[in-house]
Amino acid sequence: MSREALLGRLAMVGRAMPRTPLVQLRHDRLDLYAKLEYVNPNGSSKDRSAYWILKRAVERGDVTERTTIVESSSGNFAISLASFCRWIGLPFVPVIDPNVNASTEAFLRRLCDRVEKVTEPDATGGYLSTRLRRVEELRAELSSVYWPNQYANPDALAAHDLLTGAELCMDLPRIDYLFVGVSTGGTIAGLSTRLKRLRPDAWVVAVDAEGSVIFGSPPAKRRLPGLGSSIVPPLVGKASIDDVMIVSEVDAVRGCHELFERHGLYAGGSTGSVYSAIERYFADHRGPRPTVAFLCADRGTGYADTVYDPEWVARFVAQRDRGQSVALV
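Just so we're clear, the structure is a prediction, and the values are computed from it rather than from any experiment.

Notes on the packing of aromatic side chains
Here comes step 1: A full pass over the atoms with the stated rule returns 10 aromatic pairs.
Here comes step 2: Both rings, one in Tyr177 and one in Tyr281, keep their centres 6.0 Å apart while their planes meet at 65°; by these two values the pair is edge-to-face. Of this pair, Tyr177 sits in strand S7 (residues 177–181) while Tyr281 sits in helix H9 (residues 269–281), and the two are 104 residues apart along the sequence.
Here comes step 3: Following the ring pairs from residue to residue traces out a cluster consisting of Tyr177, Phe179, Tyr281 and Phe282.
Here comes step 4: Just above the ring of Trp52 sits the side chain of Lys55; from NZ or CZ to the centre is 4.7 Å.

Have a look at this one:
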């Protein structure tokens, strides 16, 4: 298959990417807007970066018809790559870990001929460093491998600048605060680049998970995929960040349930963390109503057996709340 044929198939992928909706949520103190990135073809904001990274790699000649894509991912980026690689006819080997949602793992094993699952925690208690070591082993083992490296690839930043960020700024003329969950850093780097260019006075608030080391907190075991990291991703250094909020997994669960009960948005764990951070950030706010925006990064479907399962919440998440019960709403 020629480069032109690969680009033609990627053009079909691009045409399938929707302009994701921006909806206003009822709030007593804020003009609050959610950009529904879970409307993307594979249900998450990672479709943007996966598509753009593949497109640019094919344009540069880094990916050809003989290339195998290999990537470390805790969930959504692997889903996006698996779907798009199948669409354009390239093999993809995801490297996952025990924290992956059951539905995500089943999807990947259905779509990919080979799935690598590491089981040994790294020194921080997480699995990212172990996954990355396995990626390096696969790059040495296989011929003609392309590693997207979503943690450092500038094309991930560009995707959320040129696509997600451009849409957000066009649809919302005023943005006082933008809250963004952080894991690989690509989303916040791209969004903040666009926002600071067009709305230099806007305040960018990064939301990280308790136990993540991105912003200097001590490492700890995390159960929910999608937010946080056991390394400091290089792309975070390219983001313009004005403030940081750290959210516990208990509060992430509460945030998911509150977002669903109050607004009817069935979103994933990272979105629950961001919503919880917004509520805490503006808990004592009085005065003019600021315009606040955030992303619903993915649907809650993949979290049906965890975040939205009362038994799972009682068994695992409540333990992190010092043995106290968790009032979800």
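Remarks on the packing of helix H3 (residues 76–88) against helix H4 (residues 102–111)
Here comes step 1: For the pair H3 and H4, the least separation of the axes is 10 Å and the interaxial angle reads 20°. Considered as vectors, H3 and H4 are oriented roughly parallel to each other. Crossing of H3 over H4 shows left-handed handedness. Two secondary-structure elements touch here, H3 through Ala78, Ile79, Ala82, Ser83 and Arg86 and H4 through Thr104, Phe107, Leu108, Arg110 and Leu111.

Examining the environment of Arg194
Here comes step 1: Residue placement: Arg194 occurs in helix H7 (residues 186–198).
Here comes step 2: When the C-alpha positions of Arg194 and Ala158 are compared, they lie 9.4 Å apart, and in sequence the two are 36 residues distant.

How each quantity is defined
As a convention, each chain's residues are numbered from 1 in the sequence order in which they are written. A pLDDT threshold of at least 70 governs which residues receive local features in this predicted model, and a stricter bar of 80 or more applies before side-chain atom pairs are shown or counted, although totals over entire chains, interfaces and linings include all residues. Hydrogens and water molecules were not included; the side-chain quantities draw on all heavy atoms of the structure. Any pair of Phe, Tyr and Trp rings, taking the six-membered ring for Trp, is counted once the centres come within 6.5 Å. Such a pair is stacked with planes under 30 degrees apart, edge-to-face with planes over 60 apart, and tilted for the rest. Helix and strand definitions here come from DSSP, where helices need a minimum of 4 consecutive H or I residues and strands a minimum of 2 consecutive E residues; each element is numbered from the N-terminal end. A ring is scored as having a charge over it whenever the NZ atom of a lysine or the CZ atom of an arginine sits within 6 Å of its centre and within 35 degrees of its normal. Angles run from 0 to 180 degrees between N-to-C directions of axes, and those axes are lines fitted to C-alpha atoms, restricted for helices to the stretch in contact. Should an angle fall under 35 degrees it is called roughly parallel, over 145 degrees roughly antiparallel, and 65 to 115 degrees roughly perpendicular, with every other angle called oblique. The crossing is said to be left-handed when, going from far helix to near helix, the turn is anticlockwise and less than a right angle, and right-handed when the turn is clockwise. Should any heavy atoms of two residues lie within 4.5 Å, those residues are considered in contact.

Distances and angles like these do not, on their own, reveal function.
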